[in-house]
Amino acid sequence: MTDADGADGADGADGDGIRVASPVGRWVVLTTVLGSSMALLDSTVINVALPRIGEDLGTDLAALQWTVNAYMLTLAGLILLGGALGDRFGRRRVFVLGVVWFAVASLLCGIAPNAEVLVAARALQGVGGALLTPGSLAIIQASFHPDDRARAVGLWSGLGGVGAAVGPFLGGWLVDGPGWRWVFLLNLPLAAVCVPVALRHVPESRDPEAHGRFDVLGAALAALSLALVTYALIEVPEQGASVTVIGAALGGVALGVAFVQVERRRADPMVPPSVFASRQFTAVNVVTFCVYAALGGFFFLSAIQLQVVAGYSALGAGTALLPTTVLMLLFSASAGDLGRRIGPRIPLTVGPLLAAAGMLLMLRVGPGASYPLDVLPAVLVLGLGMVTLVAPLTASVLAAVDTGRAGLASGINNAAARAAGLLAVAALPLLAGMGPEAYRDAGEFASTFRRAMPMCAGLLAAGSVIAWWAVRKPPEARPERRPECSVHCGVSAPPLEPDPRPRHT
């Protein structure tokens, strides 16, 4: 099967899609992992570098929050549009564009002379992430044989999770060595490998039913709503209940309501209300929000806790989280297969509870904390929870929709995850009573950290309860007689009966 753009999709493919064990299957997994790892690395590696960035650029806690949230804001606000662009114009094409955009924005971050330029460049990075992140998962869903999709998603989740988990280690090594700017410049060689491999080996795919105008108004309303709410949460500790803060909060809520109304009335909405008719899809996205809000808050605060309170170097703080890397590498693919066999309900119930226990164990980390006695047990339990839930969470959200809506589904799920992390980073310091200069004072930060971790654990417990109550094993999909031209989408749907007629190519 060779598509119109010349990708070598024949090797390892049958009439139903590519096999994971085939050479082209391995290339597709490698490409999507490389691209998504760029976004995942930046969402985690930055946390270890924050104290040094604040010291070097002379910023307060609010500026550090914006350094994280500027990226999350544009990523969460535009990721749905990115998924729709991939479905319409080709998932590989938009994915490659996103990788190149992300690399250029990373270069701007690496040479930023002050906090304002850094925050602006981080926002541009989020635009690139919005183009490449949904495309990576949609490429897997559209390219692989149905029997191999769960394993492919497990490999993608596991290896991508390794990228996210190894980020703090790499970030610490770079911060303590050549400097924090290399945290961003690290993306350039990844992009240099990813782009040519994608153009050579990944088959193009798109949704032949995608049509109509893009919902630019919906994307703008979503991004502005998140921006105003985030601004209010970050600025209220310093400004208090000022007119500006209250106005931003009310404006964000109003724009959020307007977004919902616009999506209900548009002929081609960015978020079709019909997709939430599936209880499974809705429930898994709510669980996603709870899980990633907790994880976003944890990784933001724990990297600072280890350095400011426990006295670790940046490299030491990053290395402390390496056990999660090993666990994700070894067991995520198996977790994906397990979730396929027994259904997502048990993994999505047990996984968040394990992760919550790991976060509560982090309360033992204080001044002079012992790594084997205090930090390691927390990180191991957290890693087991992440292994248990990440792959089944991703696979179940895609299994709840038709393959042709893979870009939309992954976009909504990613938007929920990124918006959750964005709001957690903005809200947790406020809820825990963290002042603008807290990250410079070990005693103040330690006390607020002890208040924040139970909040994160509570979010995970809520996600576990929702999963147990609402998530079920999806029914086996019935084959659908829908001949699809490989020139358009790169895969062919299986007919109900064996069809000896030659396929159209």
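This part covers the overall build of the protein chain. Assigned secondary structure in the protein chain consists of 17 helices and two strands. Across the 505 residues in the protein chain, those meeting the buried criterion constitute 58%. Restricting to contacts in the protein chain with at least 6 residues of sequence separation, those with at least 24 account for 82%. Surface accessibility of the protein chain: about 19200 Å² in total, with carbon and sulfur atoms responsible for 67%.

For the rest of this paragraph, the subject is the environment of leucine 199. Positionally, leucine 199 belongs in helix 7 (residues 187-201). Residue leucine 199 is classed as partly exposed on the basis of its relative accessible area of 47%. With 107 residues separating them along the chain, leucine 199 and arginine 92 place their C-alpha atoms 7.9 Å apart. When sequence neighbours within four positions are dropped, the list of residues in contact with leucine 199 reads Arg92 and Val96.

Per-residue confidence for the protein chain averages 81 on the pLDDT scale, and 86% of its residues sit at or above 70. When pLDDT is averaged over each element of the protein chain, helix 13 (residues 345-361) comes out on top at 94 and helix 17 (residues 486-489) at the bottom at 29. Note that residues 1-10 has pLDDT below 50 and, in this model, 26 contacts with residues that lie over four places away or in other chains. Overall, residues 477-505 carries pLDDT values under 50, and its contacts beyond four positions in sequence, including any with other chains, amount to 40 contacts.

A separate point is the packing of helix 2 (residues 61-89) against helix 3 (residues 91-110). Packing of helix 2 against helix 3 brings their axes to within 8 Å, and their N-to-C directions diverge by 150°. On the basis of their axis angle, the class for helix 2 and helix 3 is roughly antiparallel. As for how helix 2 packs across helix 3, the hand of that crossing is right-handed. The residues of helix 3 that touch helix 2, namely those facing Tyr71, Gly82, Leu85, Gly86, Asp87 and Phe89, are Arg91, Arg93, Val94 and Phe102. A breakdown of the residues in the contact of helix 2 with helix 3 according to their chemical character gives five nonpolar, two polar and three charged.

Its volume calculated, the second largest pocket comes out at about 780 Å³. Considering every element that reaches the lining of the second largest pocket, the biggest residue donor is helix 9 (residues 243-265), with seven residues. For the lining of the second largest pocket, the class distribution of residues is 19 nonpolar, six polar and two charged.

Counting across every chain of the model gives two cavities of 30 Å³ or more. In this structure, the second largest cavity spans a volume of roughly 70 Å³. Lining the second largest cavity, in full, are Leu61, Ala62, Gln65, Ile234, Pro237, Glu238, Pro429, Met434, Gly435 and Pro436. Put simply, the parts of the chain that give the lining of the second largest cavity at least two residues each are helix 2 and helix 8 (216-239). Partitioning the lining of the second largest cavity into residue classes produces seven nonpolar, two polar and one charged.

Moving on to the nonpolar core. Within the largest apolar cluster, 130 residues are counted, with the highest numbers of intra-cluster contacts made by Leu301, Met359 and Phe445. In terms of residue count, helix 10 (residues 279-309) provides more of this core than any other element does, 15 residues in total. In contact with leucine 301, not counting residues within four places along its chain, are Leu428, Met434, Phe445, Phe449, Ala452 and Met453.

Right, let's talk about the packing of helix 3 against helix 7 for a bit. Two packed helices can be described by the angle between their axes and the distance between those axes. Put simply, helix 3 and helix 7 touch, their axes get as near as 9 Å, and they point 165° apart. The orientation of helix 3 with respect to helix 7, classified from their angle, is roughly antiparallel. Helix-helix and strand crossings are classified by hand; for helix 3 and helix 7 the assignment is left-handed. Side by side, helix 3 and helix 7 meet where Arg92, Phe95, Val96, Val99, Val100, Phe102, Ala103, Ser106 and Leu107 of the first sit next to Asn187, Leu188, Ala191, Cys194, Val195, Ala198 and Leu199 of the second. Considered class by class, the residues forming the contact of helix 3 with helix 7 number 13 nonpolar, two polar and one charged.

This brings us to helix 4 (residues 115-143). End to end, helix 4 covers 41 Å across 29 residues, agreeing with the expected 42 Å (1.5 Å per residue, within 8%). Glycine 129 marks the point of greatest bend in helix 4, at about 30°. With respect to burial, helix 4 is a largely interior element, 24 of its 29 residues being buried. Taking the backbone nitrogen of glutamate 116 as reference, a side-chain oxygen 3.2 Å away marks asparagine 114 as the first, capping residue of helix 4.

What follows deals with the packing of aromatic side chains. Under the definition given, this model contains four aromatic pairs. Ring centres of phenylalanine 298 and phenylalanine 299 lie 5.2 Å apart, and the angle between their planes is 75°; this geometry places the pair in the edge-to-face category. By relative accessible area, phenylalanine 299 is classed as buried at 16%. Above the plane of the ring of tryptophan 469 lies arginine 279, whose end atom (NZ or CZ) is 5.1 Å from the centre. If you follow arginine 345 out to its NZ or CZ, it ends over the ring of tryptophan 468, 3.6 Å from the centre.

The rules behind each value
- Within each chain, residue numbers correspond to sequence positions counted from 1 in written order.
- Under the rules for a predicted model, residues below a pLDDT of 70 receive no local features and side-chain atom pairs below 80 are neither given nor counted, while totals for whole chains, interfaces and linings still include all residues.
- Side-chain metrics in this entry use all non-hydrogen atoms of the structure; hydrogen atoms and water are not considered.
- Secondary structure follows DSSP: runs of H or I at least 4 residues long count as helices, runs of E at least 2 residues long count as strands, and numbering of each begins at the N terminus.
- Only protein chains enter the accessibility calculation, which uses a 1.4 Å probe. A residue is then buried if its area is under 20% of the maximum for its type, exposed if over 50%, and partly exposed in between.
- Any two residues whose heavy atoms approach within 4.5 Å are treated as being in contact.
- Under the convention used here, a 1.4 Å probe and the Shrake-Rupley method define accessible areas, while residue burial counts only the protein chains that appear.
- What pLDDT conveys is the predictor's confidence in a given residue, as a value from 0 to 100.
- Lines fitted to C-alpha atoms define the axes, with helix axes restricted to the stretch in contact, and inter-axis angles between N-to-C directions lie between 0 and 180 degrees.
- Geometric relationships in this document are graded by angle, where less than 35 degrees denotes roughly parallel, more than 145 denotes roughly antiparallel, 65 to 115 denotes roughly perpendicular, and other angles denote oblique.
- By the definition used in this description, the sense in which the near helix is turned from the far one sets the handedness, with an anticlockwise turn below a right angle giving left-handed and a clockwise turn giving right-handed.
- By the convention adopted, Pro, Cys, Tyr, Trp, Phe, Met, Ile, Leu, Val and Ala count as nonpolar, Lys, Arg, Asp and Glu as charged, and the other residues, Gly among them, as polar.
- Of the two site types, the cavity is a set of points on a 1 Å grid over the protein atoms alone where a 1.4 Å probe fits but cannot get out, and the pocket is an open set with protein on both sides within 12 Å along at least five of seven lines, each lined by residues with an atom within 4 Å of a point.
- Grid points are joined across faces, edges and corners, and a volume is the space filled by probe spheres set on the points.
- Only buried Ala, Val, Leu, Ile, Met, Phe, Trp, Tyr and Cys residues count toward a nonpolar core, and they belong to the same one when joined by side-chain atoms within 4.5 Å.
- An expected span of 1.5 Å times one less than the residue number is assigned to each helix.
- The bend reported for a residue corresponds to the angle between axes fitted to the seven residues ending at that residue and the seven starting there.
- Here a polar contact is recorded for every N or O atom pair within 3.5 Å, except that within protein the pair must consist of a potential hydrogen donor and a potential acceptor, and residues adjacent in sequence are included only if both atoms are side-chain atoms.
- When the centres of two rings from Phe, Tyr and Trp lie within 6.5 Å, Trp using its six-membered ring, the rings pair. Their planes under 30 degrees apart give stacked, over 60 give edge-to-face, and anything left gives tilted.
- Definition used: whenever NZ (Lys) or CZ (Arg) falls within 6 Å of the ring centre and also within 35 degrees of the ring normal, the charge is taken to sit over that ring.

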